[in-house]
Amino acid sequence: MKRGKSKSDTKSAKLSVNKKPTPKGGRKSGKAAKDPNKPKRPASAFFVFMEEFREQYKKDHPKNKSVAAVGKAGGDKWKSLSEAEKRPFVDRAEKRKAEYEKNMKAYNKRQAEGPKEDDVESEKSLSEVNDDDDEDEEGSGEEDDDE
């Protein structure tokens with residue numbers, strides 16, 4: 001006999017989804033925070049081409065507001081270019097990559113040295129320390145209502 005799924009079977013299947021609750025703040029705990037001082041990765045030859053292509057496309061098609069249309073046209077144009085026509089963009093991308101690698105070496109060197117003593121901050125800022133002192137004083141009047 002063939003047995004089809006009943007409504008109760010489908011409900012239990014839907015209820016069995018195992019979602020892990022995210023901690024408050026909406027961030028996943030396993031992911032490290034990004035360092036704002038870390039150098040950005042360089043653009044590929046295609047993205048170097050697109051920087052120039054976008055400006056030209058906007059001049060030729062001023063009424064077009066679609067990002068997808070610009071990307072599609074740019075991709076088609078890139079595919080139609082020969083290796084010789086792509087060469088200037090590849091060269092610029094390689095220059096950016098060399099600069100990025102130089103910046104990353106300097107960044108990694110700074111990270112290996114560790115933070116300077118001036119940059120190290122305590123866990124509590126000065127204002128938080130002062131706030132804790134104010135709460136501990138007996139003359140605050142907030143907890144004296146029991147008498």
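In what follows, the accompanying structure is described. All values reported here derive from a predicted model rather than from experimental measurement. (Residues numbered from 1 in each chain as written. Predicted model: local features only at pLDDT ≥ 70, side-chain atom pairs only at ≥ 80, totals over all residues. Heavy atoms only, no water.)

Focus: the side chain of lysine 86
Quick note on the threshold: What counts as a helix is a DSSP run of H or I of at least four residues, what counts as a strand is a run of E of at least two, and both are numbered from the N terminus. Three labels apply to residues, based on accessible area from a 1.4 Å probe with only protein chains included: buried if under 20% of the type maximum, exposed if over 50%, partly exposed otherwise in between. Think of it this way: Lys and Arg go in the positive column, Asp and Glu in the negative one, and His and the chain ends go nowhere. Between Lys or Arg on one side and Asp or Glu on the other, a salt bridge is scored when a side-chain nitrogen of the former is within 4 Å of a carboxyl oxygen of the latter. In what follows, a contact means two residues having at least one pair of non-hydrogen atoms within 4.5 Å.
Turning to its location among the elements, lysine 86 is positioned in helix α4 (residues 83-113). An unpaired buried charge is present at lysine 86: no salt bridge exists, and glutamate 83, the closest side chain of opposite charge, is 4.4 Å distant. Filtering out sequence-adjacent residues up to four positions away, lysine 86 remains in contact with Trp78 and Leu81.

A few points about the packing of helix α2 (residues 45-60) against α4
Basically, it comes down to this: Here, axes are lines fitted to C-alpha atoms. For helices the fit covers the stretch in contact, and angles between N-to-C directions go from 0 to 180 degrees. Angles are sorted into four bins: roughly parallel if under 35 degrees, roughly antiparallel if over 145, roughly perpendicular if 65 to 115, and oblique for all others. Each crossing gets its handedness from the near helix: less than a right angle anticlockwise from the far helix is left-handed, clockwise is right-handed. For this classification, the nonpolar set comprises Ala, Val, Leu, Ile, Met, Phe, Trp, Tyr, Cys and Pro, the charged set comprises Asp, Glu, Lys and Arg, and every other residue, Gly included, is treated as polar.
One way to put it is that α2 packs onto α4 with a least axis distance of 8 Å and a crossing angle of 115 degrees. Accordingly, the angle class assigned to the pair α2 and α4 is roughly perpendicular. For the pair α2 and α4, the crossing hand works out as right-handed. Contacts between α2 and α4 pair Ala45, Val48, Phe49, Glu51 and Glu52 from the former with Phe89, Val90, Arg92, Ala93 and Arg96 from the latter. Here the residues of the contact of α2 with α4 sort into six nonpolar, no polar and four charged.

Considerations on helix α3 (residues 67-80)
Formally: Here, expected helix span is obtained from the residue count minus one, scaled by 1.5 Å. Here, the arc refers to the directions that run from the helix axis to the C-beta atoms. By the criterion applied in these results, polar contacts are pairs of N or O atoms within 3.5 Å in which, for protein atoms, one can donate a hydrogen and the other can accept it, and in which residues neighboring in sequence qualify only through two side-chain atoms.
The end-to-end C-alpha distance of α3, which contains 14 residues, comes to 20 Å, matching closely the 20 Å that a straight helix rising 1.5 Å per residue would cover. Listed as buried for α3 are Val70, Gly74, Gly75 and Trp78. The buried side chains of α3 occupy one side of the element, clustering within an arc of 130 degrees when seen end-on. Opposite the packed face of α3, turned more than 90 degrees from it, sit the exposed residues Ala68, Lys72, Lys79 and Ser80. Of the residues flanking the start of α3, the one acting as N-cap is serine 66, its side-chain oxygen 3.4 Å from the backbone nitrogen of alanine 68.

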